[in-house]
Structures are given as structure tokens and as C-alpha cells.
Amino acid sequence: DQTRGWFYSLLAIGVTVLDQTPYRNVVVNELILDAEGQKMSKSRGNVVDPHALIEEFGADTIRLYLLASSEVWKPKRFDRRTIPEVAGGFLNTLRNTYNFFSLYGEARDPSQPEPALLQPLDRWIRAELQATVNQVVEAWENYQITAGVKAVMRFVIDDLSNWYVRLSRGRFWAPDREADPAAVETLRLALITVSRLLAPAAPFASDWIHRALAGGSVHLAAFPEKAPPEEAPLREAMHAVRTLASLARAARDEGGLRVRQPLARLRVAVPASVRGGAFDDLLELLAQEVNVKAIELVGSDTELVRLSGRPNFRSLGKRYGKQTPHAAAAVGKLPTAELRRLEAGEPVTLIDGEASWVYHPEDVTVERSVTSEWLVTSAGPFVAALDPSLTDELRQEGLARELINRVQRLRKDAGYEYTTRIRLAIDGADGVRAAAAAWREFIMGETLARELDVGRPSFTPDRLEEFIIDDHAAVIAVVRRDPGANH
């Protein structure tokens, strides 16, 4: 009754004071069903206590779950087991991204202008951010609540956290070096904008982040506005790079090559529309992401794979009836150029002796087969081919990178801060000691080691563990270095 009275008072204020109703449309929830699609009722014993859910998961998590799983005006099956999957993981990612910024970023002086030297990665995430703003505003203007929420979640998880932050870590923190102002300001801008986009759906988490970064409540801030799309060539080029990186990782898996093992060469093929300066500027980033020394862009994927056609008998049978076997057999005679046209969605005609066959895209599946010893994976016109051959130098570097990974684990197990300088000792098989000696400076820089003993430690370690890396026995010891020592 108290809530109803407040609501009618609001209506009266809107009509009498502003001479207009306080809202134009009301979006109402449909029934919340149980996991089996049954209506909740006390007699069935399937009623869910909302207060208990909020206590367990948090109000924002429940709100996001209800909004993101399906449109609110449709009947919704409620399964508490899927709450962490649908909403909990997103909020954890958002929280971790903010924690990363608060740990490595610095508060920006409002009197200082924004950094002028933005890297392509900064420009790309800003363009994706604006594209997300456009999607959310358009969705919510048309009452597509779920589409708007999913757009924010996709941006935070896929673009901001799993790509921009992960590839920019070295710009936020490196030994004896300040954070890159362009990266710091770009991430700050992204988090503030995300908090404003998210405010109607997750009012508490968004307000917490906004107050921390912008100094005021998100619910008093202006909602982001639509703007014309930006950086179209860069966004297309980055999409290509991410596709190729995924293909290269799949090729590594196929060949049993770990991501920390450097490889000599990667050859890639992309559609002609992708090629250009924007794509070329991202090749170094691609090389770092897939851990290769050199990338070669080939003119066509036919330099890496052979195209062939596989007939779809069901589709062909609808048009050719008894002639289907002959039409299917002729598919093997389609030249590469015609297969490409089919893949692009165009019909083609094949003259086979006295017969003439018309093929539509649904009639033929275009397949690719490897023509070399390289590890090749493809997705339509995107092809990534890795040279699997390993030299002694590459194997040694791969071993050094594995050693770095084990040292980082020891640092974490020892409870060191990310700025803690250490003394380090690496011992073990001949190959382990050789890798530690050859890559001494690299290992020290990546692990904040001010001293590195190749062999038995000359100090009493905080942690010492034995490992087997690539069939090599290794012993790693770490100790916190005296902060008063030189360097």
C-alpha cells in the first residue's frame, strides 16, 4: 500500500506540475517459471526466495541474470545453477578489470589533456567502445533490453578484458618503467563508459566503479550518446588479426606445440578487403600474440591450401532429380575461381561436355586441404599456416619461457607483491642451465630478479621447487631481495 501510494503521488506530480505523465511505456515482467518450465507455487514446492538469492549471489547478479537470459516480457525458466554462468562470470571479469586498473593505473589529473599518442590498440578499443554505446542506445530506445545488456557484457569480456587488457599488460607495468598514459586513460575511459551503460541493469556495481573513477554517482551522470562509427578499417583489420590468432592457436593444438614455444614463421591469407595499412600496422601485435618470429602475408589462400567442392545431394536432388548423381560428380570439376564465387554466395554454371549444371551456394560445400607439412587451419578466406620445424635456438627460448612461467608461480606462492625484487637460482639438467644462461637478461627482466645464479642457489630460499619441463629436470629457488640493496 505504501509503494502504491508513492507511485500514484508520482503520477500526480508528473501530471499537475510538469503537465505530462512521468513515463510513456511500462515494461512488465512475465511469469518466472522453474527450471522445468512449471509455474512456481507453494503447493509444488518450487518457489524461490528472492531474499535468499540476493544474499547468495548479490542483487546486481540476479538483475543481470534475469535481463541477459531472455527478454523480460517473455516467460522465463529460472535455474539457479546458470546464474554464475550467465551473470556471475561477467561481474567477476568487470571487477578484475577494475582491480587491474586500480593496481597499475594512475589517477589522471583533469587539468592535463588526454594523451595524443594513441597506439592502434587504443584507437581500436575506443572505436569498439563507441560501437557498443551505439548498440546499447539503439537497443534500449527500442525496448530491446536483453540485446543492450548482452552488448555490454560482450564488450567487457571479449574486447576489453580478453583482448585489450591482456595485450596491454606490458604498457601498464614493466620493471622500472611508468605506465603508458595512453593505455591508462583509454582503460579509464572504457570503465567509466561501461559503468554508465550498465547503470540501469546493475545499479550497485556500476555506481561503485563510477564513484571510484569519476568521483560521483553514476546515476547522476549523463548516459553515453550515439555517434557516427569510427575507425572502420582498423576494426576490420583487428577482426582479421583476432581470427588469425584463433586459427594459429588451433594449429598449435593440432601440432602439440605449446603457446610459450616460439616458432619461426607464420603465413597468413586474408580477404583483399582487409589488406592495407591498418592490417600491416597490426602484424607485430599478431606475431607477439601467436609467438612467432616472422609473418608472411600471401596473395591467396591457394598458396597454402587446395580448394575442393563436396556436393550436397539433398539440395541438388530438389532440382535435378534422377540427374543428381551426374550433377554431384561434376562438382569435382569446378575450378578454384568458381569455388570462390560459391563461397562468396554467388551461383555458378559449369559446362561439362554436353551437360550444363547450375550450382547454388547451398549445393556445394567448399573444403580446404593442406598442401604442405605446415600446420594449417582456416575459416573461410582466413588461413593461418605455422611452420612447425624447431631449431635448437627456438627450443632453448621456449625452455626459457617455461622457466619464467614457473618462477612467476613461485613468486605468487611466496606471497610476493608484483613490485617485489628477488634473487633467483635455476639449476637442473644441462639444457635448463644452458637456457638460463643464454636468456639470463630476459628471465631477470620478466621475473624482477636482480641476481640470477645458474646452478645451486648461494642463498637460503623462501621457496624452492623441482619441476620437469620438456623432459628436463629443473630446480628453481627464489628469495626476497633486500630492498636496501643497489638497483
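Look a little higher up for the structure.
Residues numbered from 1 in each chain as written. Predicted model: local features only at pLDDT ≥ 70, side-chain atom pairs only at ≥ 80, totals over all residues. Heavy atoms only, no water.

1. Some words on helix 12 (residues 313–320)
Argument step 1. Listed in full, the buried residues belonging to helix 12 are Ser 315, Leu 316 and Tyr 320. Each buried residue of helix 12 lies within a common arc of 110 degrees when the element is viewed along its axis, so the set occupies one face. In helix 12, those exposed residues whose orientation departs by more than 90 degrees from the buried face are Arg 314 and Lys 318.
Argument step 2. Residues of helix 12 that are buried sit in contact with strand 5 (305–311), helix 13 (324–330) and strand 7 (355–359). (Buried < 20%, exposed > 50% of the residue type's maximum accessible area, 1.4 Å probe, protein only. Helix = DSSP H or I, 4+ residues; strand = E, 2+ residues; numbered from the N terminus. Arc of directions from axis to C-beta. Contact = heavy atoms within 4.5 Å.)

2. Here's the deal with the nonpolar core
It is characteristic of soluble globular proteins that their nonpolar side chains tend to be buried jointly.
Argument step 1. One finds Leu 64, Phe 90, Val 149, Tyr 164, Leu 187 and Phe 279 to be the most contacted residues of the largest nonpolar core, which totals 82 residues.
Argument step 2. For this core, the leading source of residues is helix 6 (residues 145–172), giving 12 residues.
Argument step 3. Counting 24 residues, the second-largest nonpolar core is a separate cluster that includes Val 298, Ala 327, Val 331 and Trp 357. (Core = buried A, V, L, I, M, F, W, Y, C linked by side-chain atoms within 4.5 Å.)

3. Quick word on the side chain of Ser 217
Argument step 1. Relative to the helices and strands, Ser 217 resides in the loop between helix 8 (203–214) and helix 9 (232–255).
Argument step 2. Among the residues examined, Ser 217 registers a relative accessible area of 14% and is labelled buried.
Argument step 3. A polar contact of 3.1 Å, which involves the side chain of Ser 217, links it to the backbone nitrogen of His 219.
Argument step 4. In this view, Ser 217 contacts Asp 207, His 210 and Arg 211; residues no more than four positions away in its chain are not counted. (Polar contact = N/O pair within 3.5 Å; in protein donor to acceptor, adjacent residues only side chain to side chain.)

4. Let's talk about the sheet that holds strand 9 (residues 375–379)
Strand pairs in the sheet, formed through backbone hydrogen bonds, run parallel or antiparallel to each other.
Argument step 1. In space, the 4 strands of this open sheet follow the order 4-3-10-9, with mixed pairing throughout. With one partner strand each, in any of the chains shown, strand 4 (292–297) and strand 9 form the two edges of the open sheet. Mean inter-strand twist for the sheet, computed between neighbouring axes without regard to direction, equals 20 degrees.
Argument step 2. Two strands pair when backbone bridges link them, and strand 3 (residues 263–269) and strand 4 are joined in this way by 5 bridges, in the parallel orientation. Looking at the pairing, Val 268 lines up with Leu 297 of strand 4.
Argument step 3. Packing of helix 11 (residues 283–290) onto the sheet brings it into contact with strand 3 and strand 4, and relative to strand 4 it is tilted by some 130 degrees. (Pairing = 2+ DSSP bridges. Axes fitted to C-alpha atoms, helices over the stretch in contact; angles between N-to-C directions.)

So, to be careful, I would describe these as geometric facts and stop short of saying anything about function.
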